[in-house]
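# Architecture and fold: a report
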Amino acid sequence: TTVDTKLTYLDILKSRFSVIAEYVVKCLQTYGICVIDGFLGEATGTEIFKEVKQLQDLGVFRKGQLVHTASASSDAIRGDIITWVDGRGQSSENIQFLVSCMDAVVKNCSCLMEGYTINERTKAMVACYPRNSTGYVRHIDNPNGDGRCITCIYYLNQNWNGRQDGGLLRIFPEGKDRVANVEPNFDRLLFFWSDRRNPHEVLPSTRDRYAITVWYYEAEERARALKQYRGEVSSHPKKEAVPLFNVSQNEE
Ligand SMILES: COc1ccc2cc(-c3cnc(C(=O)NCC(=O)O)c(O)c3)ccc2c1
Ligand SMILES: [Mn+2]
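Each chain carries its own residue numbering, running from 1 in the direction its sequence is written. All chains are assigned letters beginning with A, and all ligands numbers beginning with 1, in the order in which they are written. For this predicted model, a pLDDT threshold of at least 70 governs which residues receive local features, and a threshold of 80 or more governs which side-chain atom pairs are given and counted, while totals over whole chains, interfaces and linings are taken from all residues. Values reported for side chains reflect all heavy atoms of the structure, with hydrogen atoms and water molecules removed beforehand.

## Things to note about the confidence of the model for the protein
Close inspection of predicted coordinates is inappropriate in any region flagged by low pLDDT. One confidence number per residue, pLDDT, is output by the predictor and ranges from 0 to 100. Summarising the model, the protein shows a mean pLDDT of 88, and 85% of its residues fall at 70 or more. Every residue in residues 247–252 scores below 50 in pLDDT, and together they form 8 contacts with partners more than four places removed in sequence or on other chains. Overall fold confidence (pTM) sits at 0.90, and the ipTM for the predicted complex is 0.97. Only heavy atoms enter the contact rule, under which two residues are in contact if any of them lie within 4.5 Å.

As C-alpha cells, this is what we get:
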C-alpha cells in the first residue's frame with residue numbers, strides 16, 4: 001500500500017537529526033565544539049524569536065543570578081536577563097518544538113558516544129544580553145562535575161555583525177592554542193562540552209542579544225553529583241532534571 005512507502009514529515013526530520021548527530025559527535029570528539037547553521041530555517045526561527053519577545057514583553061525575564069558571589073553587583077560578572085521554560089505544556093509551541101529538536105539530535109548523539117548516556121536535561125534558559133551590558137566574564141559552565149555534559153545554545157539574532165555588534169561567544173579550548181569566536185547568528189545551533197575543556201566568555205554587545213540554552217546531563221555523572229551534593233546550593237541553573245522528549249522510533 002502507499003502508506004508504508006510514504007515518508008512522514010517526522011520520519012524525514014528523524015533521519016535528518018541522525019545525520020546531524022553524526023556530524024555533531026565527530027566535531028565534539030575532535031574540537032569539543034560544533035556549530036550547525038540553518039538548523040530550523042527562517043520561518044521557524046522567526047516564530048521562535050517572536051515568542052521570546054512575547055516572553056520579554058510579559059516581563060518574565062529576571063537578572064541572571066550568580067551563586068556564591070562576593071562581588072557587590074553581579075552585573076560586573078554577567079549582564080544577561082533570563083527566564084526558564086520547560087519546553088512542555090505552558091511554554092510557547094515554537095520554543096517547545098526547538099527543544100524537542102535539540103533533544104532529538106542529542107538523543108542520537110548519546111547513542112553514538114561510547115561511555116556517555118544522555119537522557120536528561122535542564123529546562124530551557126531563554127536569555128537576553130541587553131545592548132551595552134557587560135556580557136559574561138570568562139567561566140566554565142560545569143567546573144565541578146554537577147552532571148552537565150553538553151551545553152546546547154540556539155541563537156536568534158538576525159543580521160548579526162560581530163565586528164559592529166560585538167556579542168561574540170569566545171571559547172578557549174583547554175590545552176589548545178586556538179580560540180573559537182562564535183557569532184550569535186540567527187538559526188545557529190552550538191554544542192560544546194560543558195566542563196573544564198571549554199572556558200568561555202560572552203563579549204559585550206551594542207545590540208540586544210538573544211539565545212536559548214539547554215544543558216544535557218550525563219547520567220552517571222549526574223547520579224554521582226546528586227549523591228554527593230545532596231542539599232547543597234546548586235551552583236548551576238536548575239536542580240530538577242527534565243527527561244528528553246521521547247521521539248519514539250515508531251511514533252506515528
Ligand atoms: C543559579 O542560577 C543560575 C541561573 C542561570 C545561570 C546561567 C548561566 C550561564 C552560563 N553560561 C552562559 C553562556 O556562556 N552563554 C554563552 C552565549 O550566550 O553565547 C550564559 O549565558 C548563562 C550560569 C549560571 C546560572 C545560574
Ligand atoms: Mn557559559
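## Section: the environment of Val25
Along the chain, the position of Val25 falls in helix α1 (residues 9–31). When neighbours within four sequence positions are excluded, Val25 is seen to be in contact with Cys109, Leu112 and Met113. Numbered from the N terminus, helices here are DSSP runs of H or I no shorter than four residues, and strands are runs of E no shorter than two.

## What to know about the packing of aromatic side chains
Two rings belonging to Phe, Tyr or Trp (six-membered ring only in the last case) form a pair when the distance between their centres is within 6.5 Å. Interplanar angles under 30 degrees mark stacking, angles over 60 mark edge-to-face geometry, and anything in between is tilted. Inspection of the entire model under this criterion finds 4 aromatic pairs. Between the aromatic rings of Phe17 and Phe39, the centroid separation amounts to 6.2 Å while the plane-to-plane angle is 35 degrees, which identifies the pairing as tilted. Remark: Phe39 occurs in the loop between β1 (33–37) and α2 (42–57) and Phe17 occurs in helix α1; sequence separation between them is 22 residues. Taken as a pair, Phe17 and Phe39 share a single burial class, namely buried. Between Phe49 and Tyr210 the ring centres are 5.3 Å apart and the planes differ by 80 degrees, which places this aromatic pair in the edge-to-face class. With a gap of 161 residues between them, Phe49 in helix α2 and Tyr210 in strand β12 (residues 209–217) connect regions that are remote in the sequence. By relative accessible area, which is 24% here, Phe49 ends up partly exposed. Three labels apply to residues, based on accessible area from a 1.4 Å probe with only protein chains included: buried if under 20% of the type maximum, exposed if over 50%, partly exposed otherwise in between. For Tyr210, a relative accessible area of 3% translates into the label buried. Throughout this description, the term charge over a ring refers to an Arg CZ or Lys NZ atom that lies within 6 Å of the ring centre and within 35 degrees of the ring normal. The positively charged end of Arg148 is found above the aromatic ring belonging to Trp215, 5.1 Å away from the centroid.

## What to know about the site of ligand 1
Throughout, the term near means that a residue has one or more heavy atoms lying within 4 Å of the molecule or strand in question. Inspection of the region around ligand 1 gives 19 residues, with Tyr129, His139, Tyr155, His200 and Arg209 positioned closest. Whenever two N or O atoms come within 3.5 Å, that pair is a polar contact, provided that in protein one can donate a hydrogen and the other can accept it, and provided that, for residues adjacent in sequence, both atoms are side-chain atoms. In the environment of ligand 1, an oxygen atom lies 2.7 Å from a nitrogen or oxygen atom belonging to the side chain of Tyr129. At 2.9 Å, a side-chain N or O of His200 approaches an oxygen atom of ligand 1. All accessible-area figures derive from a Shrake-Rupley calculation using a 1.4 Å probe, and residue coverage is judged against the displayed protein chains alone. For ligand 1, whose unbound accessible area comes to 560 Å², protein coverage reaches 94%. When contributions to the shell around ligand 1 are tallied by element, the ones reaching two or more residues are β3 (81–85), β5 (124–129), β6 (136–139), β7 (148–155), β11 (200–202) and β12.

## Notes on the packing of α2 against helix α3 (residues 93–112)
Two elements in contact, α2 and α3, have axes separated by 8 Å at closest approach and are oriented at 120 degrees. Taken together, the axes of α2 and α3 lie oblique to each other. For α2 against α3, the interelement crossing comes out left-handed. Contact residues: α2 offers Thr44, Glu47, Ile48, Glu51, Val52 and Leu55, while α3 offers Glu93, Asn94, Ile95, Phe97 and Leu98. Here an angle of 0 to 180 degrees is reported between the N-to-C directions of two axes, which are lines fitted to C-alpha atoms, with helices fitted over the stretch in contact. When describing relative orientation, an angle under 35 degrees is termed roughly parallel and one over 145 degrees roughly antiparallel, while 65 to 115 degrees is termed roughly perpendicular and anything else oblique. For any helix crossing, the convention is left-handed if the near helix is rotated counterclockwise from the far helix by under a right angle, and right-handed if that rotation is clockwise.

## Here's the deal with the sheet that holds β11
Strand pairing in a sheet is mediated by backbone hydrogen bonds. Such pairs are either parallel or antiparallel. A pair of strands counts as paired when DSSP detects no fewer than two bridges linking them. Pairing in this open sheet of 4 strands is antiparallel, and the strands run β6-β11-β8-β9 from one edge to the other. Every other strand in the sheet has two partners, leaving β6 and β9 (180–182) as the edge strands with one partner each. With direction set aside, neighbouring strand axes in the sheet form an average angle of 10 degrees. In the sheet, β6 pairs with β11 via 2 bridges, with the strands oriented antiparallel. Bridge pairing links His139 to His200 in β11.

## Some thoughts on the coordination of the manganese ion (ligand 2)
Ideal values for angles at a metal depend on the geometry: 109.5 degrees with four tetrahedral donors, 90 or 180 degrees with six octahedral donors. Every protein donor of the manganese ion (ligand 2) is listed here as His139 (NE2), Asp141 (OD) and His200 (NE2), and their distances to the metal cover 2.1 to 2.2 Å. Counting along the primary sequence, the residues that act as donors to the manganese ion (ligand 2) give the motif H-x1-D-x58-H. Of the two residues examined, His139 and Asp141, each falls in the buried class. Keep in mind that water is not among the atoms, so a site may look incomplete; donors are the N, O and S atoms within 2.8 Å of the metal, or 3.2 Å for Na, K and Ca.

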